[in-house]
Amino acid sequence: MKSVGKLLYVVMILSMVFSMAACAPAATPAPAAEAPKAEAPAAAAPAKAEKTYKDLVVGFAQIGAESGWRDGETNSIKDTATKLGVNLKFSDAQQKQENQIKAVRSFIAQKVDVIGIPPVVTTGFETVFKEAKDAGIPVIFVDRKADVPEDYYAAFIGSDFVLEGKNAAIELAKLMGEKGSIIELEGTVGAGPAIDRKKGFDDEMAANHKDITILESQSGDFNLAKGKEVAQALIKKYGDKINGIYAHNDEMALGAIQAVEEAGKKPGTDIKIVSIDGEKAAFQAMVDGKLNVTVECSPLLGPQFFEAALTLANGGTVDKWIKSNEGIFRQDTAAADLPSRVY
Ligand code: AHR
């Protein structure tokens, strides 16, 4: 009996212990290592509003006013800016490279969106275009280019000057019956169109018109007065040997026409004349029978220029060379074409 009592006692104690344990609150599990809280999504940067033409600030560093062609380009740039509502800062360098460089520096200081420029000559612009690049301002070469690294400019809008020279050679050779002698009036020394128009013309003559001789080639600086002066001197020097004149632009051809007339000859008949540009005055000279052909080079680049400028200002890209559409005009259609000529 004594051991039965002992056993009962043990069972009682154990059941008390278990019932106490059952009533104890459940142990709280150790907190799991805290999972890294997901970053609250960063508030999306407000989309930068696209610029429109009305927000665009553009600097244009024009060369000057050496020709009706140049005036045509100036008008195209100014008129298009007005029509689109672009804030245009226009500067006229009066044919001086140092003025063009100053204008570009001033546009950089004013933080314009885009700079447009027809560099007067191909060399000497490297430093200033690097400054524009470093300032993050895209430069568009309009009608003329400079010899600078490709990444110093965003685009070139303009003509194929080499092709213009080649076409002028083909036209002049045909007019001369593939034989005879000519003089060549070059544009401004060191200017892109002067270099390329000479190359296109001289290479074509040498390769495919071997019975035509280029007596002499001199710069008439792309203007009428100098073109006339050079033509006078060369007519005096070569006299009747001259059957043809190639002028790198219409203005110099108009000067040469005067020189030929003053020498007692008939321009367009005694001496065939071919030039480049397509100015109104050249069409009139063709109607009058004094100029034979003008190979068009369009200065009406305003619309293409501002379209490219807006794309670039919004961070887009444009073709590196945006070509202009051009034709070749001869005497037979000049009267019909003249009324629609803009420059
Ligand atoms: O750069 C284009 C040339 O410049 C034109 O042919 C000429 O007339 C102008 O001066």
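Residues numbered from 1 in each chain as written. Predicted model: local features only at pLDDT ≥ 70, side-chain atom pairs only at ≥ 80, totals over all residues. Heavy atoms only, no water.

### A look at the overall build of the chain
A tally of regular secondary structure across the chain gives 11 helices and 12 strands. Looking at the chain residue by residue over its 343 residues, the buried ones come to 46%. Long-range contacts, defined here as pairs at least 24 residues apart, represent 74% of the contacts in the chain between residues at least 6 apart. A total of about 17,400 Å² of accessible surface is found on the chain, and carbon and sulfur atoms cover 57% of it. (Helix = DSSP H or I, 4+ residues; strand = E, 2+ residues; numbered from the N terminus. Buried < 20%, exposed > 50% of the residue type's maximum accessible area, 1.4 Å probe, protein only. Contact = heavy atoms within 4.5 Å. Areas by Shrake-Rupley, 256 points an atom, 1.4 Å probe, with all protein chains shown as cover.)

### Quick word on the site of the ligand
As a structural note, the neighbourhood of the ligand is formed by E66, S67, W69, R70, D143, R144, P193, R197, F222, N249 and D277. At a separation of 3.4 Å, an oxygen atom of the ligand approaches a polar side-chain atom of S67. A distance of 2.8 Å separates an oxygen atom of the ligand from a polar atom in the side chain of R70. Burial of the ligand by the protein amounts to 100% of the accessible area it has alone, namely 280 Å². With respect to the detected pockets, the ligand is housed in the largest cavity. At the level of secondary structure, the elements contributing two or more residues to the shell around the ligand comprise helix 2 (68-84) and helix 6 (192-208). Broken down by class, the residue content of the shell around the ligand amounts to 3 nonpolar, 2 polar and 6 charged. (Near = heavy atom within 4 Å. Polar contact = N/O pair within 3.5 Å; in protein donor to acceptor, adjacent residues only side chain to side chain. 1 Å grid on protein atoms, 1.4 Å probe; cavity = no way out; pocket = protein on both sides within 12 Å on 5 of 7 lines; lining within 4 Å. Sits in = over half its atoms within 2 Å of the grid points. Nonpolar A, V, L, I, M, F, W, Y, C, P; charged D, E, K, R; others polar.)

### Let's talk about the sheet that holds strand 1 (residues 57-62)
One open sheet accounts for 6 strands, arranged 2-1-3-4-5-11; its pairing is parallel. Only two strands of the sheet have a single neighbouring strand rather than two, namely strand 2 (87-92) and strand 11 (321-323). Neighbour-to-neighbour, the strand axes of this sheet turn through a mean angle of 20°, independent of strand direction. Pairing of strand 5 (residues 155-158) with strand 11 involves 3 bridges; the strand directions are parallel. If you follow I157 over to strand 11, its bridge partner there is I322. Across the face of the sheet, helix 10 (residues 302-313) comes into contact with strand 1, strand 2, strand 3 (114-117), strand 4 (139-142), strand 5 and strand 11 while running at roughly 165° to strand 4. (Pairing = 2+ DSSP bridges. Axes fitted to C-alpha atoms, helices over the stretch in contact; angles between N-to-C directions.)

### Points about the nonpolar core
Formed by 30 residues in total, the largest nonpolar core has its most connected members in L185, I242, I245, I273 and L291. Sorting the residues of this core by element identifies strand 6 (180-186), helix 7 (224-238), strand 8 (244-247), helix 8 (250-262) and helix 9 (280-287) as the ones contributing at least two each. Counting residues per element, this core draws most heavily on helix 8, at 7 residues. In contact with I245, not counting residues within four places along its chain, are L172, I183, L185, A256, V260, I271, K272, I273 and V274. (Core = buried A, V, L, I, M, F, W, Y, C linked by side-chain atoms within 4.5 Å.)

### Focus: empty space enclosed by the protein
Over the atoms rolls a probe the size of a water molecule, and in doing so it shows where empty space is left. Per the counting criterion, the structure on display carries 1 cavity of 30 Å³ or more. Considered as a void within the structure, the largest cavity measures approximately 100 Å³ in volume. Taken together, 13 residues form the lining of the largest cavity, with W69, R70, R144, R197 and D277 sitting closest to its centre. Of all the secondary structure elements, the ones that give two or more residues to the lining of the largest cavity are helix 2 and helix 6. Class assignment of the residues belonging to the lining of the largest cavity gives a composition of 5 nonpolar, 2 polar and 6 charged. (Points joined across faces, edges and corners; volume = space filled by probe spheres on them.)

### Notes on helix 2
Helix length check: helix 2 (17 residues) gives 24 Å between terminal C-alpha atoms against 24 Å at 1.5 Å per residue, within 8%. Along helix 2, the residues that are buried comprise W69, R70, G72, E73, T74, S76, I77, T80 and A81. G85 lies just past helix 2 and shows a positive phi near 85°. (Expected span 1.5 Å × (residues − 1).)

### Describing the confidence of the model for the chain
Mean pLDDT over the chain: 91, with 87% of residues reaching 70 or higher. Put simply, helix 1 (residues 2-23) is where the chain has its lowest mean pLDDT, 45, and strand 8 is where it has its highest, 99. Note that residues 1-5 has pLDDT below 50 and, in this model, 0 contacts with residues that lie over four places away or in other chains. (pLDDT = per-residue confidence, 0-100.)

### Thoughts on the environment of C297
As for its placement among the helices and strands, C297 is situated in the loop between strand 10 (293-296) and helix 10. Judged by relative accessible area, which is 2%, C297 ranks as buried. For the pair formed by C297 and N325, sequence separation is 28 residues and the distance between their alpha carbons is 8.4 Å. If near-sequence neighbours (up to four positions away) are discounted, C297 is found in contact with W69, S159, F161, E164, R197, I276, D277, E326 and Y343.

### Section: the side chain of S159
Inspection of the secondary structure assignment puts S159 in the loop between strand 5 and helix 5 (161-175). Exposure remark for S159: the relative accessible area of 4% places this residue in the buried category. A polar contact of 2.6 Å, which involves the side chain of S159, links it to the side chain of E326. Non-local contacts of S159, meaning those with residues more than four positions away in its chain, are made with E164, C297, S298, W321, S324 and E326.

### Some points on the sheet that holds strand 8
Pairing in this open sheet of 6 strands is mixed, and the strands run 7-6-8-9-10-12 from one edge to the other. In this open sheet, the two edge strands, each paired with only one partner strand, are strand 7 (212-219) and strand 12 (328-330). For this sheet, the mean inter-axis angle between neighbouring strands, taken without regard to orientation, is 20°. In terms of strand pairing, strand 8 meets strand 9 (residues 272-277) through 3 bridges, oriented parallel. Its bridge partner lying in strand 9, G244 is registered against K272. In the packing of helix 9 onto the sheet, the strands contacted are strand 10 and strand 12, and the crossing angle to strand 10 comes to about 155°.

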